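Residue-level listing of the chains:
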Amino acid sequence: MNKKLSFNNGEISDNYASILVSHFDCSQVTTLLEYKGYKLVVDSCVDISLPDETVLSGPEVLKLVENKSLSLNELIAFLAGEESEKTDEIYEFEACAWFEWRSGNGDWASEPFDTMYESLDDNIKKLSELLEEEGLELEHID
């Protein structure tokens, strides 16, 4: 499953992650990673409108792959915001998807961002950068 989540550059789209964790509305949050008292969460929902005005929400958008309207790679590219004649002319999508680092005790949350990484080290580096921007430091708890 992890390979399906990753792009060639090792990054994972917030929109695609929200689909795989089955979010049907924007109030749902799923913890994807925990590290030293911090949680990397995806907070999101994705809706795709079809030409017949049907709206697919969350994991329902995978029906576009199941019914062979799009390949999995085309769907991932569409959700990542890449332009394509095949998708841009036919489908519209609305997303309120993002990633966020949060402290386990709820006293800090990063600004939302739209990409996480396949590599644990890259995600920890992002957490450290976000904390540093606010004058905080990642505690070295072993």
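About the cut-offs
Per chain, residue numbering runs from 1 following the sequence as it is written. pLDDT decides what is reported in this predicted model: residues at 70 or higher carry local features, side-chain atom pairs at 80 or more are listed and counted, and totals for whole chains, interfaces and linings draw on all residues regardless. To get the side-chain values, take all heavy atoms of the structure and skip hydrogens and water. Only DSSP runs of H or I covering at least 4 residues are called helices, and only runs of E covering at least 2 are called strands; the numbering of each starts at the N terminus. Contacts between residues were defined by any pair of non-hydrogen atoms, one from each residue, lying within 4.5 Å. We get accessible surface area from the Shrake-Rupley algorithm with a probe of 1.4 Å; when it comes to residues, only the shown protein chains can shield them. In summary, the charge assignment counts Lys and Arg as positive and Asp and Glu as negative, without counting His or the chain termini. A single reference atom marks each charge: NZ on Lys, CZ on Arg, CG on Asp, CD on Glu. Salt bridge, as used here: a side-chain nitrogen of Lys or Arg that lies within 4 Å of a carboxyl oxygen of Asp or Glu. Centres within 6.5 Å are what make two rings of Phe, Tyr or Trp a pair, Trp counting through its six-membered ring; a difference in plane orientation under 30 degrees is then read as stacked, over 60 as edge-to-face, and the rest as tilted. The rule is short: NZ of Lys or CZ of Arg within 6 Å of the ring centre and within 35 degrees of the ring normal puts a charge over the ring.

Caption draft 1: Just the overall build of the chain, in detail. Helix and strand counts for the chain stand at 6 helices and 8 strands. What you see in the chain, going N to C, is helices and strands ordered as α-β-α-β-β-β-β-α-α-α-β-β-β-α. For the C-alpha atoms alone, the extent of the chain along its principal axes is close to 50 × 30 × 25 Å. A sequence separation of at least 24 residues applies to 55% of the contacts in the chain between residues at least 6 apart. Approximately 8,500 Å² of the chain is accessible, and the part contributed by carbon and sulfur atoms is 44%. Separation between the mean location of the 10 positive side-chain charges and that of the 32 negative ones in the chain comes to 8 Å.

Caption draft 2: The arrangement of the pattern of salt bridges in detail. Using the criterion set out here, one finds 3 salt bridges in the structure. Salt bridges sharing common partners tie together Asp43, Glu100 and Arg102.

Caption draft 3: Fine view of the packing of aromatic side chains. Scanning the entire structure with this criterion turns up 4 aromatic pairs. Geometrically, the ring pair formed by phenylalanine 78 and phenylalanine 93 is edge-to-face, given 5.0 Å between the ring centres and 65° between the ring planes. Of the two residues, phenylalanine 78 sits in helix α4 (residues 72-79) while phenylalanine 93 sits in strand β6 (residues 92-95), which places them 15 residues apart along the sequence. Taken together through their ring pairs, the aromatic side chains of Phe78, Tyr91 and Phe93 make up a single cluster. Residue placement shows lysine 126 over the ring face of phenylalanine 113; its charged tip is 4.6 Å from the ring centre.

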